[in-house]
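# Close look at the chain arrangement
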Amino acid sequence: EAGVVQSPRYKIIEKKQPVAFWCNPISGHNTLYWYRQNLGQGPELLIRYENEEAVDDSQLPKDRFSAERLKGVDSTLKIQPAELGDSAVYLCASSTRTAEETQYFGPGTRLLVL
Amino acid sequence: GQSLEQPSEVTAVEGAIVQINCTYQTSGFYGLSWYQQHDGGAPTFLSYNALDGLEETGRFSSFLSRSDSYGYLLLQELQMKDSASYFCAPERNYGQNFVFGPGTRLSVLP
């Protein structure tokens, strides 16, 4: 069974530029999460989807961040414009609705904003 | 409100037993998960407790006391490959969000 796939793995951009991250969850997983992880800290939830519906986006900085999960499968997280403080690892995770305590994480996208 | 405490670092030797504690204040608490993350890697699920008591999975065990808002992860027969960060993650309401703690960095020495 394929795991959670994310791309790109690394991204370096200049501040004020846009950037997008893509995630393909495990097949059949209804719930998809986007997390941000700063160095030395735990993952911080940005947004959670149940199928195509964003059920919790309270921690998403909506002035510059946006996300979508069309058709309830793949998801894209976008930052526009990026700021220096956005440098972090962006993790995508998925789970089934009946076992949401077990989240499967992708390898993450390491973003560096210069 | 929410608060979460874990020791920032723990050091032990191969073959030893180590306990990583987690205290939480989580509104609507439902259960507690534990994740392991190696440097540069993704978090991987270790265990989940919804009920009080001890859950054992191989060398790893996890304990929960709901009345004390406390849990721990017990790692036995430590191996070098256990060197990683360990996160407790309380579940806030059934099927809702997990809040990850700051993590405990475990170093296993030869």
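Reading the values: the criteria
Residues numbered from 1 in each chain as written. Chains lettered and ligands numbered in written order. Predicted model: local features only at pLDDT ≥ 70, side-chain atom pairs only at ≥ 80, totals over all residues. Heavy atoms only, no water. Helix = DSSP H or I, 4+ residues; strand = E, 2+ residues; numbered from the N terminus. Rg over C-alpha atoms; globule rule 2.2 N^0.38 Å. Buried < 20%, exposed > 50% of the residue type's maximum accessible area, 1.4 Å probe, protein only. Salt bridge = Lys/Arg side-chain N within 4 Å of Asp/Glu carboxyl O. Contact = heavy atoms within 4.5 Å. Phe/Tyr/Trp six-rings, centres within 6.5 Å; stacked < 30°, edge-to-face > 60°. Pairing = 2+ DSSP bridges. Axes fitted to C-alpha atoms, helices over the stretch in contact; angles between N-to-C directions. Buried area = accessible area lost by both parts, 1.4 Å probe. Polar contact = N/O pair within 3.5 Å; in protein donor to acceptor, adjacent residues only side chain to side chain. Nonpolar A, V, L, I, M, F, W, Y, C, P; charged D, E, K, R; others polar.

Moving on to the overall build of chain B. What chain B contains, in helices and strands, is 0 helices and 10 strands. Counting helices and strands in the order they occur from the N terminus, chain B gives β-β-β-β-β-β-β-β-β-β. What you see for chain B is a C-alpha radius of gyration of 13 Å, in line with the 13 Å of a compact globule of 110 residues. Dimensions of chain B, computed from the C-alpha atoms along their principal axes, are close to 40 × 30 × 20 Å. Evaluated residue by residue, chain B yields a buried proportion of 48% over its 110 residues.

So, on to the pattern of salt bridges. Within the structure shown, the criterion is met by 7 salt bridges over all chains. Residue D86 of chain A is joined to R64 of chain A by a salt bridge in which the shortest nitrogen-to-oxygen separation is 2.6 Å. Here R64 of chain A lies in the loop between β6 (53-56) and β7 (65-68) and D86 of chain A lies in the loop between β8 (75-79) and β9 (88-95), a separation of 22 residues in the sequence. Side by side, D86 of chain A and R64 of chain A carry an identical accessibility label, which is buried. Between D39 of chain B and R105 of chain B there is a salt bridge whose closest N-O contact spans 2.6 Å. Taken together, the residues D39 of chain B in the loop between β4 (29-37) and β5 (44-49) and R105 of chain B in strand β10 (residues 104-109) connect sequence positions 66 residues apart. Given the relative accessible area of 57%, D39 of chain B is considered exposed. In the salt-bridge network here, residues are joined through shared partners; they are R64, E83 and D86 of chain A.

Before going further, it helps to spend a moment on the environment of A54 of chain A. Secondary-structure assignment places A54 of chain A in strand β6. Contact partners of A54 of chain A, with chain neighbours within four places excluded, come to I47, R48 and Y49 of chain A.

The next thing to look at is the packing of aromatic side chains. Taken as a whole, this structure holds 14 aromatic pairs over all chains when the rule is applied. These aromatic residues form a ring-pair network of at least three members: Y33, Y35 and F105 of chain A together with Y35, F45, F87 and F100 of chain B.

Residue and element names in this part refer to chain A. Strand order in the open sheet made by the 4 strands is β1-β3-β8-β7, with antiparallel pairing throughout. Single-partner strands in this sheet number two, and they are β1 (5-7) and β7. Adjacent strand axes in the sheet meet at a mean angle of 15° when their direction is disregarded. Relative to β8, β7 runs antiparallel, the two sharing 4 bridges. If you follow E68 over to β8, its bridge partner there is T76.

Residues and elements named next belong to chain B. Across the sheet, which stays open at both edges, the 5 strands sit in the order β1-β3-β8-β7-β6 with antiparallel pairing between neighbours. The sheet is open, and its two edges are formed by β1 (2-5) and β6 (53-57), each paired on a single side. Geometrically, the sheet is characterised by an average inter-axis angle of 15° between neighbouring strands, direction not taken into account. In this structure, strand β3 (residues 18-26) lies alongside strand β8 (residues 70-75), joined through 6 bridges in antiparallel fashion. Paired with N21 across the strands is Y72, a residue of β8.

As a further point, take unusual backbone geometry. All names here are of chain A. Residue S7 is joined to P8 through a cis peptide bond whose omega torsion reads -10°. The topology assignment puts P8 in the loop between β1 and β2 (10-13). At the junction of Q80 and P81, the peptide bond is cis and its omega measures out at -5° in the coordinates. The backbone of K16 shows a phi angle near 80°, a positive value even though the residue is not glycine. By the element assignment, K16 lies in the loop between β2 and β3 (19-24). When its relative accessible area of 65% is taken as the criterion, K16 is described as exposed.

Now for the interface of chain A and chain B. Each side of the interface is counted separately: chain A has 21 residues, and chain B has 18 residues. Summed over both partners, the interface of chain A with chain B comes to about 1400 Å²; 50% of that surface belongs to carbon and sulfur atoms. Looking at the side of chain A facing chain B, the largest losses of area belong to P43, E101 and F105 of chain A, adding up to 33% of the total buried there. Here chain A and chain B share 2 residue pairs in polar contact (both at pLDDT 80 or more) between them. Counting only elements with at least two residues in the side of chain A that touches chain B, the list comes to β4 (31-37) and β5 (44-50) of chain A. Per-element tally for the side of chain A that touches chain B: the top contributor is β5 of chain A, with 3 residues. Grouping the constituent residues of the side of chain A that touches chain B by class yields 6 nonpolar, 8 polar and 7 charged.

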